[in-house]
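# Overview (structure and organization)
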Amino acid sequence: MPELPDVETFKRYFDATSLHQRIENVEVRDAYILKGISTRELARELKERRFKSTRRHGKHLCVRADHDLWLRLHFGMTGSLQYLKCQDHTPKYARVLFVFANNHRLAFEDQRKFGEVGLLKDVDEFLQKRGLGPDALDISLPQFKEIFGKHRGPVKTILLNQKLIAGIGNIYADEILFRARIHPATHVSALKEKTVAKLFRAARDILKKAIEANADMDRMPKSWLLPHRGKDGKCPRCGRELKSATIGGRTAWFCTHCQRRTS
Ligand SMILES: [Zn+2]
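This is a predicted model, so every value here is computed, not measured.

Note on the zinc ion: its protein donors are Cys235 (SG), Cys238 (SG), Cys255 (SG) and Cys258 (SG). The metal-donor distances range over 2.3 to 2.4 Å. Because the angles between the four donor atoms bound to the zinc ion fall within 103 to 113°, the donor set is best described as tetrahedral. One chain supplies every donor for the zinc ion, spaced along it as C-x2-C-x16-C-x2-C. Of this pair, Cys238 sits in the loop between α7 (193-212) and β9 (243-247) while Cys258 sits in the segment after β10 (250-254), and the two are 20 residues apart along the sequence. Judged by its relative accessible area of 4%, Cys258 falls in the buried class.

Now the structure itself:
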């Protein structure tokens, strides 16, 4: 499921392929993922415009077209982008295709259709309406400490709550907690201030490194949890078997030796 590093990678891909070209048409192959707009409206609104710049907040990617119209993309569970040259075959799960004047196309692919495509006039208003917290890479240490001081519950549940911090999902929450050596079920009330600061640094470091690796699982360091998580996986730090548990409705992977539970 695309998380902050994946969406940042899509943002960079969008910037590198799809800006400043005249949009000739928008082809919708499955209107299910359109939110608050019809196929006809989407095409009518975007035709003749150009995409100018992109902005990511958490797992949302917004693209400004000229005359201040924003395209909104959310990648759901399986969403991704693919830029297609004229002769390239249209991928099976392409749901929306932005057709440019040179006949190249940008495909929004989404096998499971939990993704969302819509238009916005005002991004800040949208983020506010959704009640999203600050982006996990923009948040400051004082803001981070305040969130952990104000809320109760398991630390992983707080990290996953998009209304508190936007962008962290199941995989990277586990990775961040592994780096900070905190058990995912630890109650935030049991975390010392310096542990919260350690968690903050772990979050920044993991997210930035994942972006550097283009969110490509195969390029993640072997010292990370990611290449080992799953059944029969061994802790890359101590070699013991990794454990899993359901925390906040999601499957957490962790090492009970390296990530001791304090409370
Ligand atoms: Zn371990």
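To continue, consider the pattern of salt bridges. What the rule picks out here adds up to 20 salt bridges. Note that Glu24 and Arg22 form a salt bridge whose closest N and O atoms lie 3.4 Å from each other. One salt-bridge network, held together by shared partners, links Glu8, Arg12, Arg56 and Asp135.

Our focus in this paragraph is the packing of aromatic side chains. Enumeration over the complete set of coordinates arrives at eight aromatic pairs. Ring centres of Phe10 and Phe75 lie 4.4 Å apart, and the angle between their planes is 35°; this geometry places the pair in the tilted category. Here the residue Phe10 occupies a position in helix α1 (residues 4-17), and Phe75 occupies one in the loop between β4 (69-74) and β5 (79-84), the gap between them amounting to 65 residues. With a relative accessible area of 14%, Phe10 lands in the buried category. Pairing Phe144 with Phe148 gives two aromatic rings, centres 4.8 Å apart and planes at 35°, and the pair type is tilted. Here the residue Phe144 and the residue Phe148 both occupy positions in helix α4 (residues 141-150), the gap between them amounting to four residues, near one helical turn. You'll find Phe144 and Phe148 in the same group, each marked buried. Clustering of aromatic rings is evident, with ring pairs tying together Phe14, Phe51, Tyr83, Phe98 and Phe100. The residue whose ring lies beneath Lys35 is Tyr32, and the NZ or CZ to ring-centre distance is 5.1 Å. Stacked on the ring of Tyr32, the Lys or Arg Lys113 has its end atom at 5.5 Å from the ring centre.

Scoring rules and cut-offs
- Residues numbered from 1 in each chain as written.
- Predicted model: local features only at pLDDT ≥ 70, side-chain atom pairs only at ≥ 80, totals over all residues.
- Heavy atoms only, no water.
- Donors = N, O, S within 2.8 Å, 3.2 Å for Na, K, Ca; no water.
- Tetrahedral: all angles 85-135°; square planar, octahedral: opposite > 155°, others 65-115°.
- Helix = DSSP H or I, 4+ residues; strand = E, 2+ residues; numbered from the N terminus.
- Buried < 20%, exposed > 50% of the residue type's maximum accessible area, 1.4 Å probe, protein only.
- Salt bridge = Lys/Arg side-chain N within 4 Å of Asp/Glu carboxyl O.
- Phe/Tyr/Trp six-rings, centres within 6.5 Å; stacked < 30°, edge-to-face > 60°.
- Lys NZ or Arg CZ within 6 Å of the ring centre and 35° of its normal.

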